[in-house]
Every structure is written in structure tokens, then in C-alpha cells.
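Understanding the architecture of this molecule
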Amino acid sequence: MFTVDETVYTLKYNKQKLKTIELVTKTSVIGEMAKNNGVLPYPVLESLFSLALVEEATNTAVKQKEAEKMFETVIEENGLITVNAAIVQKLQDDMGFMFR
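Residues numbered from 1 in each chain as written. Predicted model: local features only at pLDDT ≥ 70, side-chain atom pairs only at ≥ 80, totals over all residues. Heavy atoms only, no water.

Here the focus is the pairing of strand E2 (residues 7-11). With three bridges connecting them, strand E1 (residues 2-4) and E2 associate as antiparallel partners. Considered in E2, the bridge of Phe 2 is made with Tyr 9. The hairpin turn running from E1 into E2, its antiparallel successor, is two residues long, and Asp 5 in that turn takes a positive phi close to 50°. Across three bridges, the pairing between E2 and strand E3 (residues 53-55) is antiparallel. Bridge pairing links Leu 11 to Leu 53 in E3. (Pairing = 2+ DSSP bridges. Helix = DSSP H or I, 4+ residues; strand = E, 2+ residues; numbered from the N terminus.)

This is the structure we're talking about:
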């Protein structure tokens, strides 16, 4: 999904991670998507990224502080809208019930 320093990372979502992200951001992820035509606020994107990032080869979670730094690199290299679209797509893949 994303490559940083020659390591491939992906995002993995489940209900517990979503609950944590919504507690941290104090907002509903699906509510923000509906309100803003799928474009999420920067702090919500950062939380969705940093709390769900795993190294693809080992399926090892990345520490949140490290993932936050990587988020900055990823958005600068790929663009904010591209990262937003990738996060929304991954949410749809992992948690399709949110979109029905």
C-alpha cells in the first residue's frame, strides 16, 4: 500500500481500532466522510493512518509515534487526497458494513 525506506506498509482496520480512533479524534469517521464527501479532516486521517499501520511482510504493528512521522512522509510523497482515497478504500475493504 505505502512504501517508506524500502519497506512496504499497509493499514488494517477492525471494530476495536475504529472505536479507538473515534475516541481519540472525538468524532465519527463515517460521519466525517458523509459530511465532507469522503474527504476526511487532517487529524482524522493521521489517526486512521497511525493507529492502523502495519508492516506488510511481518504483519507487525508500527508504533504510533513512528507511524505519525511516516504519515508526514507519505502525504508529502503521495499527496493528501491520494492518501485520503487509499485510507477510505482500505476502510471499505476491511469494514464494508460501515458503507451499507
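Next comes the rest of the write-up.
Right, let's get into the sheet that holds E1. Read across the open sheet, the four strands follow the order E1-E2-E3-E4; overall the sheet is antiparallel. The open sheet terminates on both sides in strands that have one partner only, identified here as E1 and strand E4 (60-61). Both E3 and E4 contribute to a ladder of two bridges, which runs antiparallel. Directly across from Val 54, in E4, lies its bridge partner Ala 61. Sitting on the sheet, helix H4 (residues 64-78) is in contact with E1, E2 and E3, with an inclination near 110° to E1. (Contact = heavy atoms within 4.5 Å. Axes fitted to C-alpha atoms, helices over the stretch in contact; angles between N-to-C directions.)

With the rule as written, the count across this model stands at three salt bridges. The closest approach of N and O atoms between Glu 32 and Lys 35, which form a salt bridge, is 3.3 Å. With Glu 32 and Lys 35 both in helix H2 (residues 29-35), this residue pair falls three residues apart, about one helical turn. The exposure class assigned to Glu 32 is buried, which follows from its relative accessible area of 10%. The partner of Glu 68 in a salt bridge is Lys 65, and the shortest N-O contact between them spans 3.8 Å. With Glu 68 and Lys 65 both in helix H4 and three residues apart, this pair spans about one turn of that helix. (Salt bridge = Lys/Arg side-chain N within 4 Å of Asp/Glu carboxyl O. Buried < 20%, exposed > 50% of the residue type's maximum accessible area, 1.4 Å probe, protein only.)

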